[in-house]
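Here is how the chains run, residue by residue.
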Amino acid sequence: FLFLTLGLLYIISVVLIKEIRKRLYKSLNISKAKEPKNIFISLGIFLLLLISFKQIILIDPLASFGAKSALNYNFTTYYSPVLIFAMITVGPIWEEIYFRGMLIGGLKEKWPIWSCVLTSAILFAFLHPLYPLFGLIIALAYSAIFLYTKSLLLSILVHICWNVFYIFFNYL
């Protein structure tokens, strides 16, 4: 509920406050997102996540039994069309704007960068309680993309690709 409230407040502030809207547009940094080096880095991190996610979730002592069983025994989770739409559009966009754009981008002027990244990653992991260790690792990966490429757009796109993969993986 807290994250939803904060996200809603941020969306309202983006609509109503010109300075926040400018900061968000600047953090998307579309020109940096088009650089081949940044695309390559983002794809590399995405591939590392694809290769390692199952192993990380299986060794996670905090991961739910259901999440581990689904991976071990190829159980399929049914996702409604509305949830699928949210998982590949609204969810990743909101999470990246909030966790990378707002928390890291907004706090890095006042806090050391490592504390911004760690705070963002821990909060992101709490939002993904079925596999908190992987939630922490994937948050660090998205943060690396955002900080290295200086483009929130690339972390949004990788997050969307991850969620699409995860949905398809669930049905294979």
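Residues take numbers from 1 onward in each chain, read along the sequence in its written order. Confidence filtering applies because this is a predicted model: local features only for residues at pLDDT of at least 70, side-chain atom pairs given and counted only at 80 or more, and all residues used for totals across whole chains, interfaces and linings. Based on all heavy atoms of the structure, the side-chain values leave hydrogens and waters out of the count.

### Remarks on the overall build of the protein chain
Spelled out, the test is: The helix and strand labels rest on DSSP assignments: H or I over at least four residues marks a helix, E over at least two residues marks a strand, and numbering proceeds from the N terminus. We take the radius of gyration over the C-alpha atoms and set the globule estimate at 2.2 Å times the residue count to the 0.38 power. Throughout, a contact is declared for two residues whenever any of their heavy atoms are within 4.5 Å. Only the protein chains shown count as cover for residues, and the accessible areas themselves come from Shrake-Rupley with a 1.4 Å probe. Asp and Glu count as negative and Lys and Arg as positive, but His and the ends of the chain are not part of the count. The atom standing in for a charge is NZ when the residue is Lys, CZ when it is Arg, CG when it is Asp and CD when it is Glu.
In terms of helices and strands, the protein chain carries ten helices and zero strands. Element order for the protein chain, N to C, with α for helix and β for strand: α-α-α-α-α-α-α-α-α-α. At 16 Å, the protein chain has a C-alpha radius of gyration in line with the 16 Å of a compact globule built from 172 residues. Taking as baseline every contact in the protein chain between residues at least 6 positions apart, the subset at least 24 positions apart corresponds to 72%. Entry remark: accessible area of the protein chain is about 10,100 Å², with carbon and sulfur atoms responsible for 77%. Taken as two groups, the 14 positive and 6 negative side-chain charges of the protein chain have centres that lie 5 Å from each other.

### Things to note about the pattern of salt bridges
Note that side chains of opposite charge can pair when their charged atoms are close. Heads up, the condition is: Salt bridges are counted wherever a side-chain nitrogen of Lys or Arg sits within 4 Å of a carboxyl oxygen of Asp or Glu.
Counted under the stated rule, the structure contains three salt bridges. With its nearest N and O atoms 3.8 Å apart, the salt bridge here joins Glu35 to Lys32.

### Re the layout of surface pockets
Applied cut-off: Lining residues are defined by having an atom within 4 Å of a point belonging to a cavity or pocket. Those points lie on a 1 Å grid over the protein atoms alone, cavities being sets where a 1.4 Å probe fits but cannot get out and pockets being open sets with protein on both sides within 12 Å along at least five of seven lines. Grid points are joined across faces, edges and corners, and a volume is the space filled by probe spheres set on the points. Just so you know the grouping, Ala, Val, Leu, Ile, Met, Phe, Trp, Tyr, Cys and Pro go in nonpolar, Asp, Glu, Lys and Arg go in charged, and all remaining residues, Gly too, go in polar.
In this structure, the second largest pocket encloses a volume near 350 Å³. Along its surface, the second largest pocket is lined by 13 residues, and Lys26, Ser27, Gly105, Lys108 and Phe146 are the ones closest to its centre. Elements with a minimum of two residues in the lining of the second largest pocket: helix 2 (18-28), helix 7 (90-107) and helix 9 (132-149). Across the lining of the second largest pocket, the residue classes tally to two nonpolar, four polar and seven charged.

### So, the confidence of the model for the protein chain
Operational definition: pLDDT measures the predictor's confidence residue by residue and takes values from 0 up to 100.
Residues with a pLDDT of 70 or more make up 94% of the protein chain, whose mean pLDDT is 88. Confidence scores differ between elements of the protein chain, with helix 1 (residues 2-16) showing the lowest mean pLDDT of 71 and helix 9 the highest of 97.

### Overview of a positive patch on the surface
The condition is simple: Any residue with relative accessible area above 30% and no salt bridge may belong to a patch, with like charges joined within 9 Å and the nonpolar Val, Leu, Ile, Met, Phe, Trp and Tyr side chains within 5 Å. Partly exposed residues are those whose accessible area sits between 20% and 50% of the maximum for their type, while under 20% is buried and over 50% is exposed, using a 1.4 Å probe and protein chains only.
On the surface, a cluster of positive charge is made up of Lys26, Lys37, Lys108 and Lys150. Relative to the helices and strands, Lys26 resides in helix 2. Overall, the relative accessible area of 68% leaves Lys26 in the exposed class.

### Some words on helix 4 (residues 36-59)
For the record, the criterion: Any helix carries an expected span of 1.5 Å times its number of residues minus one. Note that the bend at a residue is defined as the angle between axes fitted to the seven residues ending at it and the seven residues starting at it.
Across its 24 residues, helix 4 extends 34 Å between first and last C-alpha, which sits within 8% of the 34 Å expected from 1.5 Å per residue. The principal kink in helix 4, of about 50°, is found at Ser52. All of the buried residues in helix 4 are Asn38, Ser42, Ile45, Phe46, Leu49, Phe53, Ile56 and Ile57. Buried residues belonging to helix 4 abut helix 3 (30-33), helix 5 (65-73), helix 9 and helix 10 (152-171).

### Looking at the packing of aromatic side chains
The condition that has to hold: Here the aromatic set is Phe, Tyr and Trp, taking the six-membered ring for Trp, and pairing holds for ring centres within 6.5 Å; pairs whose planes are under 30 degrees apart are stacked, those over 60 apart are edge-to-face, and all others are tilted.
The tally for this structure, following the rule as stated, stands at 16 aromatic pairs. On the numbers, 5.2 Å between centres and 45° between planes, the contact of Trp162 with Phe165 is tilted. Here the residue Trp162 and the residue Phe165 both occupy positions in helix 10, the gap between them amounting to three residues, near one helical turn. On the basis of relative accessibility, which here comes to 5%, the residue Trp162 falls in the buried class.

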